[in-house]
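Inside the fold
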Amino acid sequence: MRISRSLVTALVAFSVGAALVAQRGQGTPIKAGEECPPGMTEVRPGSCQAPTMPPPSIVDYRPRSTLVTAAHPVPRAKYPAIDFHGHPQGRLTSAASLSEMVSELDQLNVGLMVAADNLSGDRLRQAVSTIAGSPQKNRVRVLAGIDFRDVGPGWADKAVPQLEADVKAGAVGVGEISKSLGLSVMKRDGSRLKIDDPDLDPVWDACARLNLPVFIHTADPQQFFAPIDNHNERWLELALFPGRRYPSDRFPSFEELMTERDHVFARHPRTKFVAAHMGWHANDLPRLGRMFDAMPNLSAELGAVLYDIGRQPRAAHDFFVKYQDRILFGKDAYEPSEYPYYWRVFETRDDYFDYYRDYHAFWKLYGIDLPDPVLRKVYYANALKLAPGLPRDAWPQ
Ligand SMILES: [Zn+2]
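Residues numbered from 1 in each chain as written. Predicted model: local features only at pLDDT ≥ 70, side-chain atom pairs only at ≥ 80, totals over all residues. Heavy atoms only, no water.

1. Section: the state of the cysteines
Considering all chains together, one arrives at one disulfide under this definition. A sulfur-sulfur distance of 2.0 Å marks the disulfide that ties Cys36 to Cys48. The sign of the S-S torsion, about -85°, decides the handedness of the disulfide formed by Cys36 and Cys48: left-handed. A residue pair is termed long-range when its members are at least 10 positions apart, and Cys36 in the loop between β1 (28-29) and β2 (41-44) and Cys48 in strand β3 (residues 47-49) qualify at 12 residues. (Disulfide = S-S within 2.5 Å. Helix = DSSP H or I, 4+ residues; strand = E, 2+ residues; numbered from the N terminus.)

2. With respect to the environment of Pro227
Examined against the element boundaries, Pro227 turns out to sit in the loop between β8 (214-216) and α7 (235-240). Each C-alpha atom, one on Pro227 and one on Ser248, is 9.2 Å from the other, the two residues being 21 residues apart in sequence.

3. Topic: the pairing of strand β4 (residues 81-86)
With six of six residues buried, β4 lies mostly within the body of the structure. Following the backbone out of β4, through helix α2 (residues 95-108) and into the adjacent parallel strand β5 (residues 110-119), one traces a crossover that is right-handed. (Buried < 20%, exposed > 50% of the residue type's maximum accessible area, 1.4 Å probe, protein only. Right-handed = clockwise from strand over helix to strand, strands pointing away.)

4. Re the sheet that holds β3
If you trace the three strands from one edge of the open sheet to the other, you get β1-β3-β2, paired in antiparallel fashion. Both outer strands of the open sheet, β1 and β2, are each paired with one neighbouring strand and no more. Relative to β3, β2 runs antiparallel, the two sharing three bridges. The partner of Arg44 across the bridge, within β3, is Ser47. (Pairing = 2+ DSSP bridges.)

5. Quick word on the packing of helix α9 (residues 285-294) against helix α11 (residues 313-322)
Relative orientation of the contacting elements α9 and α11 amounts to 10°, with a least axis distance of 11 Å. Classed by the angle they form, the pair α9 and α11 counts as roughly parallel. Contact residues: α9 offers Leu285, Leu288, Gly289 and Phe292, while α11 offers Ala315, Ala316 and Phe319. (Axes fitted to C-alpha atoms, helices over the stretch in contact; angles between N-to-C directions. Parallel < 35°, antiparallel > 145°, perpendicular 65-115°, else oblique. Contact = heavy atoms within 4.5 Å.)

Structure below.
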């Protein structure tokens with residue numbers, strides 16, 4: 001007979017558990033501040049015990065909530081929204097795919113998508129002409145990309161005129177500047193291109209002169225830079241996607257990148273920066289609040305951090321109310337079925353509902369119940385204020 005490894009594990013776990021039960025719950029003692037040994041959990045203060053059945057892996061453990069409470073799904077946003085963090089990608093190459101996307105956006109009440117696909121030169125002109133020639137011409141606008149390859153003395157002498165040409169062609173801002181700036185792009189001299197490299201300064205200054213918002217994604221969630229152990233909140237994601245790990249022997253630390261980024265924000269007070277993903281500080285709103293207080297030229301976009309907003313409904317509510325002029329709606333990866341999770345978090349008081357990706361968050365979300373004036377600012381008014389090139393009509397007064 002072939003005995004499977006899981007059966008052996010089960011038998012071992014069972015006998016360990018049975019032995020503990022035999023001790024009448026005395027368990028394995030630990031001292032204050034200590035953790036239980038592997039495979040055990042603290043059942044009484046200072047006393048650990050193993051489950052009497054083999055535990056499922058965290059991949060398979062999907063408990064069904066028995067909570068009965070009012071649920072108010074929100075398929076359409078209450079006010080038309082501007083998705084400031086759009087990645088339509090191939091959908092801007094033909095009138096047909098553009099029109100298909102816009103009919104999906106209609107269902108969701110997304111009035112406008114800002115395409116943050118780093119287009120420049122011919123590709124940007126092509127996208128703008130597809131949009132301008134379509135019946136949906138007021139539903140998408142495009143940001144310009146900056147080419148950070150080969151930065152060194154004189155780099156900006158080409159980058160600034162290219163940006164000016166892209167603006168002339170119809171770009172309404174810059175972005176999305178990707179996390180590769182800071183993490184992986186190298187300079188001409190072979191060193192890492194730091195986010196606050198002075199060779200980049202003329203571009204940030206040009207953005208101020210041209211009145212262009214700069215949409216910038218820096219680093220990734222701080223857990224991606226931390227050891228991948230039982231204490232890492234994103235263990236599952238990091239195990240699924242090894243490319244998201246940033247081990248310290250190969251990458252700058254999270255704090256190093258944040259420091260470089262904040263230098264740029266502070267050194268260019270006339271340039272309007274929009275930190276993508278709330279700067280990866282949605283899990284530390286007091287920190288983002290201090291940044292907003294110190295840097296009036298800074299705004300933040302909230303794409304892909306809904307799991308952090310929705311797990312602190314009271315603190316997030318208060319934060320959004322306090323900084324209602326500084327936060328922009330954005331979604332990031334284009335998937336129409338995911339927008340309603342955002343509407344539900346922002347517009348309802350619902351308790352304990354699912355997020356759309358288990359591997360991002362093993363916890364549930366709660367509605368933060370934003371007041372209507374705050375919703376309007378976050379959904380569209382703040383974006384209109386920041387980017388003068390966006391279509392002005394069709395927004396509620
Ligand atoms: Zn993005």
